[in-house]
Amino acid sequence: MPKAVWNGTVIAESDQGQVVEGNYYFPPDAIKQQYFKESNTHTTCPWKGVASYYNVEVEGQVNKDAAWYYPQAKDAAKNIEGYIAFWRGVKVE
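Below is a summary of the structure that appears in this document. All of these numbers come straight from a predicted model, not from anything done at the bench.

### A look at the pattern of salt bridges
Phase 1: Counted according to the given criterion, the structure contains three salt bridges.
Phase 2: With its nearest N and O atoms 2.5 Å apart, the salt bridge here joins K48 to E21. Of this pair, K48 sits in the loop between strand 5 (36-45) and strand 6 (49-58) while E21 sits in the loop between strand 3 (18-20) and strand 4 (23-25), placing them 27 residues apart in sequence.
Phase 3: A salt bridge links K64 to D65; the nearest nitrogen and oxygen atoms lie 3.6 Å apart.

Rendered as structure tokens:
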């Protein structure tokens, strides 16, 4: 089952995700909420929409904007609306 790991801790786990542009998007109920803090960062993708970010915090370490999701995805990306993907050293294995 795919899992996201950062700082030696599993922060998300699910085999119900979606792969888009090489990124594995985890369903919202697959993340361990205690490790996620809302960020004020937003970016825009021309076909997916406006992305929001989470800072990932594990054992006092913060990985800024390490997770992103599309709270209101455009029609072409509705299948990943609310789903969470990772970067910045978070390993999906």
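Alright, that's what it looks like, and here's the rest.
### Here's the deal with the sheet that holds strand 1 (residues 3-6)
As a general point, the strands of a sheet are linked pairwise by backbone hydrogen bonds and lie either parallel or antiparallel.
Phase 1: On the basis of which strands lie adjacent, the open sheet formed by three strands has the order 2-1-9 and antiparallel pairing. Edge positions in the open sheet fall to strand 2 (9-13) and strand 9 (91-92), since each of these has one partner strand only.
Phase 2: As defined by bridge partners, strand 1 adjoins strand 2 across four bridges and the pair is classed as antiparallel. Bridge pairing in strand 2 places W6 opposite T9.

Cut-offs applied
- Residues numbered from 1 in each chain as written.
- Predicted model: local features only at pLDDT ≥ 70, side-chain atom pairs only at ≥ 80, totals over all residues.
- Heavy atoms only, no water.
- Salt bridge = Lys/Arg side-chain N within 4 Å of Asp/Glu carboxyl O.
- Helix = DSSP H or I, 4+ residues; strand = E, 2+ residues; numbered from the N terminus.
- Pairing = 2+ DSSP bridges.

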